Amino acid sequence: MPNYDKPYKTYPEMLAILRSRNIIITNEEYAIEALSSLSYYDLINGNKQIFCADPKNDEFFAETTFESLYYAYTAQYSIHNLVLKYIIYIEKSFKTKLSHVVAENLGVSHSPILTANTNNYLCIHSYADSKKVKRLTVLKTLLSNINKLGGNDSRHTCSYYYIKNKNHIPPWILVKDISFYPAILWYRILLSNYKSTVAKSLLSDTLQHSPICTDDEIKDFVFNALHILSKFRNAFAHGYRLSSDKINVSLSFQTLRKLLPPGVLTRSEYKKSIGKNDFTAALFSIFVMTNDPIVANTFLNELRAQITAYSKLNYSGKTIFEILGLPDQIISKIEKINEGKFGRK
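Residues numbered from 1 in each chain as written. Predicted model: local features only at pLDDT ≥ 70, side-chain atom pairs only at ≥ 80, totals over all residues. Heavy atoms only, no water.

Engineer: Mind showing me how you'd approach the overall build of the protein here?
Structural biologist: The secondary structure content of the protein amounts to 18 helices and zero strands. C-alpha atoms of the protein, sized along the principal axes, occupy 70 × 60 × 35 Å. Counting over 345 residues, the protein shows a buried share of 49%. In the protein, 66% of the contacts between residues at least 6 apart in sequence involve partners at least 24 apart. (Helix = DSSP H or I, 4+ residues; strand = E, 2+ residues; numbered from the N terminus. Buried < 20%, exposed > 50% of the residue type's maximum accessible area, 1.4 Å probe, protein only. Contact = heavy atoms within 4.5 Å.)

Engineer: What should I look at first to understand the environment of alanine 309 in this one?
Structural biologist: Relative to the assigned elements, alanine 309 resides in helix 16 (residues 293-310). When the C-alpha positions of alanine 309 and isoleucine 178 are compared, they lie 36 Å apart, and in sequence the two are 131 residues distant.

Engineer: Sorry, what's going on with the side chain of glutamate 67 here?
Structural biologist: Its place among the elements puts glutamate 67 in helix 5 (residues 66-106). Buried within the structure, glutamate 67 lacks any salt-bridge partner; its nearest side chain of opposite charge belongs to arginine 19, at an N-O separation of 9.6 Å. With residues up to four places along the chain from it excluded, the contact list for glutamate 67 reads Ile24, Thr26, Asn27 and Tyr30. (Lys, Arg positive; Asp, Glu negative; His and termini not counted. Salt bridge = Lys/Arg side-chain N within 4 Å of Asp/Glu carboxyl O.)

Engineer: Please clarify how the pattern of salt bridges should be interpreted in this entry.
Structural biologist: Any two side chains of opposite charge can pair, so long as their charged atoms come close to each other. Enumeration over the complete set of coordinates arrives at 13 salt bridges. Taking the shortest distance from any N to any O, the salt bridge between aspartate 58 and arginine 21 comes out at 3.3 Å. With aspartate 58 in the loop between helix 4 (48-51) and helix 5 and arginine 21 in the loop between helix 1 (11-20) and helix 2 (28-38), the pair connects residues that are 37 residues apart, well separated along the chain. Of the charged contacts in the structure, one is a salt bridge between aspartate 215 and lysine 200, with a shortest N-O distance of 2.9 Å.

Engineer: Please clarify how the packing of aromatic side chains should be interpreted in this entry.
Structural biologist: Any pair of aromatic rings gets described here by the distance separating the centres and the angle formed by the planes. Tallied over the entire structure, the rule returns 14 aromatic pairs. Ring geometry for tyrosine 73 versus tyrosine 77: centroids 5.9 Å apart, planes at 20°, classification stacked. One end of the pair is tyrosine 73 and the other is tyrosine 77, both in helix 5 and four residues apart, which spans about a single turn. Using a relative accessible area of 13% as the deciding quantity, one classes tyrosine 73 as buried. A residue is classified by how much of its surface remains accessible, and tyrosine 77, at 45% relative accessible area, is partly exposed. On the numbers, 5.6 Å between centres and 75° between planes, the contact of phenylalanine 236 with phenylalanine 279 is edge-to-face. With phenylalanine 236 in helix 12 (residues 215-237) and phenylalanine 279 in helix 15 (residues 279-288), the pair connects residues that are 43 residues apart, well separated along the chain. Assigned by exposure class, phenylalanine 236 and phenylalanine 279 land together as buried. Each member of the aromatic cluster is reached from another via a ring pair, and the members are Tyr30, Phe66, Tyr70 and Tyr71. In this arrangement the basic side chain of arginine 188 is found over the ring face of phenylalanine 223, its NZ or CZ atom lying 3.9 Å from the centre. (Phe/Tyr/Trp six-rings, centres within 6.5 Å; stacked < 30°, edge-to-face > 60°. Lys NZ or Arg CZ within 6 Å of the ring centre and 35° of its normal.)

Engineer: I tried to follow unusual backbone geometry on my own but got confused; where do I start?
Structural biologist: Keep in mind that most residues, glycine aside, have a negative phi and that most peptide bonds are trans. The backbone of glutamate 63 sits at a positive phi, close to 75°, despite the residue not being glycine. When you line up the elements, glutamate 63 lands in the loop between helix 4 and helix 5.

Engineer: For this particular structure, what's the right way to read helix 16?
Structural biologist: At 3.6 residues per turn, the α-helix brings residues three or four places apart onto the same side. The terminal C-alpha atoms of helix 16, which comprises 18 residues, lie 26 Å apart, in line with the 26 Å expected from a rise of 1.5 Å per residue. Of the surrounding secondary structure, the elements contacted by the buried residues of helix 16 are helix 5, helix 15, helix 17 (320-324) and helix 18 (330-342). By the N-cap criterion, in which a side-chain oxygen at the helix start approaches the backbone nitrogen of a residue two or three places on, helix 16 is capped by aspartate 292, the distance to isoleucine 294 being 2.8 Å. (Expected span 1.5 Å × (residues − 1). Polar contact = N/O pair within 3.5 Å; in protein donor to acceptor, adjacent residues only side chain to side chain.)

Engineer: What should I look at first to understand the side chain of threonine 157 in this one?
Structural biologist: Take threonine 157: it is sitting in the loop between helix 6 (135-149) and helix 7 (158-165). Once you skip the residues sitting within four places of it in the chain, threonine 157 turns out to touch Leu149 and Asp177.

Engineer: How do you make sense of helix 9 (residues 180-188) when you look at a structure like this?
Structural biologist: When you tally the buried positions in helix 9, you get eight out of nine residues, the bulk of the element. Listed as buried for helix 9 are Phe180, Pro182, Ala183, Ile184, Leu185, Trp186, Tyr187 and Arg188. On its buried face, helix 9 sits against helix 5, helix 6, helix 8 (171-174), helix 10 (192-202) and helix 12.

Engineer: Mind showing me how you'd approach the nonpolar core here?
Structural biologist: The nonpolar side chains of a soluble globular protein tend to be buried, and buried together. Ranked by internal contacts, the top residues of the largest apolar core, which has 114 residues, are Phe94 and Trp186. For this core, the element with the most residues is helix 5, which contributes 17 residues. The residues touching phenylalanine 94, leaving out its near neighbours within four places in the chain, are Phe180, Ala183, Ile184, Tyr187, Val198, Leu202 and Leu226. (Core = buried A, V, L, I, M, F, W, Y, C linked by side-chain atoms within 4.5 Å.)

Engineer: Looking at this structure, how should I read the packing of helix 12 against helix 15?
Structural biologist: Geometrically, a packed helix pair is captured by the angle between its two axes and the distance between the axes. Orientation of helix 12 relative to helix 15, taken along the N-to-C sense of each, is 120°, at an axis distance of 9 Å. In terms of crossing hand, the pair formed by helix 12 and helix 15 is left-handed. Residues Phe221, Ala225, Ile228, Leu229, Phe232 and Phe236 of helix 12 form the contact with helix 15, whose participating residues are Phe279, Ala281, Ala282, Ser285, Ile286 and Val288. Residues of the contact of helix 12 with helix 15, tallied by class, amount to 11 nonpolar, one polar and no charged. (Axes fitted to C-alpha atoms, helices over the stretch in contact; angles between N-to-C directions. Left-handed = near helix turned anticlockwise from the far one by under 90°. Nonpolar A, V, L, I, M, F, W, Y, C, P; charged D, E, K, R; others polar.)

In structure tokens form, the structure reads like this:
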């Protein structure tokens, strides 16, 4: 038989491996039940960044208990899913604003010929190449998505209904059935004035208190913030932890300093990569682009409640903030953002 790198292991064999890696197991029945429900990979490999001095090394810190790994996974899973809900809220808000600008300025129908100028919101002449983003590539992807939406596998979508029953697919219908990142690239290739309109509408409440941002700063911030959120959206939807080295864009400190209230983010924190393209940056992006005070304060209250609840568990000497990869003052930072935009409740 082939000598596989990862052969099947029984639960007792898994426990033996864990003990060889410094993990303390006092209740084998509890550990086996957890492994049978959540998988070895989620519980163990997903926590290496937190509980190993070197994540590439499988040796965990001394005194690391199996329970602490389980608690860490549970805390992350719960809070990540909470944040995912609000990333989707931003995604929907962004897509709505994007489709409105496209429909108002470029039309409500498309043509399979990208060079056609009449009644074609996918006309290549209505867009511009951007940094590392070619308009032809983006438009071909959108057109390909439209063609796929006419297939039987897409019968549950709004676009399928429009393809079969209407004489065009308006942008506000199409955006419902394309993924987050293609929509972000669609925004990226908009002409500058249209891109500015979308970006400013996403930041409308924030910009009332930060009027000194330039158009380019606003447009770049929105693209980078949305890009970061799309990465966290995919990671959280699939149940894994995302490290910032997997994200190739970052929020500008100069722009953050203008958009955020004083004291929310210091230069020394940013130099430690806090708020750059990490989980903190994702949270900042959500709150900066949320214009509804009820939504923003509800999210804050839910996040505060979950962090408070999970802070009471024992993580073998780690804090809930270390588990989540967030600064200790994250709640007070977000409170300042909401107060700066909406005032005290």
